[in-house]
Amino acid sequence: MKILKSFWLPGCLLLLAALLIPSGCSGNREAVLQEEITSLQEQLNRQQESLAALEEEKTVLEDRLLETIEQDSRDLLFSALRAVHHIKNEDYGALGEMAHPEEDVRFSPYGYVNQDQDLKFSGRQFPLLASGNQDYLWGAYDGSGEPIELGFQEYFRTFVFPVDFTAPHMIGVNRVIGTGNSLINLEEVYPGASFVEFHFTGFNPEYDGMDWRSLRLVFQPLEGNWKLVGIVSDQWTI
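Residues numbered from 1 in each chain as written. Predicted model: local features only at pLDDT ≥ 70, side-chain atom pairs only at ≥ 80, totals over all residues. Heavy atoms only, no water.

Student: Could you clarify how one ought to interpret the overall build of the protein chain in this entry?
Tutor: On a plain count of helices and strands, the protein chain comes out with five helices and eight strands. Counting the 238 residues in the protein chain, one finds 34% classified as buried. When contacts within the protein chain are restricted to residue pairs at least 6 apart in sequence, those whose partners lie at least 24 apart make up 58%. As displayed, the protein chain has an accessible area near 15100 Å², and 55% of this comes from carbon and sulfur atoms. (Helix = DSSP H or I, 4+ residues; strand = E, 2+ residues; numbered from the N terminus. Buried < 20%, exposed > 50% of the residue type's maximum accessible area, 1.4 Å probe, protein only. Contact = heavy atoms within 4.5 Å. Areas by Shrake-Rupley, 256 points an atom, 1.4 Å probe, with all protein chains shown as cover.)

Printed below as a string of structure tokens:
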């Protein structure tokens, strides 16, 4: 009996200790978990605040980008309008001043820009060419294939400004409006350039729009200005 009693009393104490210890450990774990949850929540709140700040910065940058694009488009359009008025007034000196100082202006009689055959002149040459009597080979007439042999000023009157492009039906900024059978390769020939198209949808209702005419003025940016590098005439081709 003594032996049993000597073992019974420590057993009760051990059982009581076993019941008390887990209770204390469980409370500690809950406190630690609660601290971790609080820390994670604080991190989440900070990340949400950072995300909100980034979204606000993104909106501001997008607005600035749109303003820049809109301003560039306006400047491009104003340059094209100024150029087309110089063409109408046959002020080739003023038009030449708008040309790129380091690149010649290419003249394309139709929508497809032929890099091998289309003539190119510097802006400084414009007044001299307009006052001269020399004929130049500008390409070939669509359909007949006959050579386009015209003087500088005559070419302008026949291809560049056959109608009053200062009062067109439509104007497109970096958008091709008139399309026919010609391949439009502006982006390939003038990488990084922009253009403005002056377009007439047609003149005689009997032709159902097949007598449309377009003039595309191509510009390259240079030191904050738009400089003329291409004059592309276009119309319905066979």
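This is not the end of the story, as more comes after the structure.
Student: Help me out: how do you make sense of the pattern of salt bridges in this one?
Tutor: It is possible for side chains bearing opposite charge to pair when their charged atoms get close. This structure, assessed with the given rule, holds four salt bridges. Note that glutamate 90 is salt-bridged to arginine 157, the shortest N-O span being 2.8 Å. Linking glutamate 90 in the loop between α1 (2–88) and α2 (92–97) with arginine 157 in helix α4 (residues 152–160), this pair joins segments that are 67 residues apart in sequence. With a shortest N-O distance of 3.0 Å, aspartate 234 and arginine 216 are connected by a salt bridge. Note that aspartate 234 is positioned in strand β8 (residues 225–235) and arginine 216 in strand β7 (residues 213–222), a separation of 18 residues in sequence. Using a relative accessible area of 0% as the deciding quantity, one classes arginine 216 as buried. (Salt bridge = Lys/Arg side-chain N within 4 Å of Asp/Glu carboxyl O.)

Student: Quick question: what am I supposed to make of the nonpolar core here?
Tutor: As a rule of thumb, soluble globular proteins bury nonpolar side chains together. Counting residues in hydrophobic clusters, the biggest one holds 37 residues, and the most contacted among them are Phe107, Trp138, Phe152, Phe156, Leu217, Phe219 and Ile231. Ignoring any residue separated from it by four or fewer positions in sequence, one finds phenylalanine 152 in contact with Tyr92, Phe107, Phe121, Phe126, Leu129, Ala130, Gln134, Tyr136 and Trp138. If you look at the next biggest cluster of nonpolar residues, it comprises nine residues, including Leu186, Val189, Val229 and Val232. (Core = buried A, V, L, I, M, F, W, Y, C linked by side-chain atoms within 4.5 Å.)

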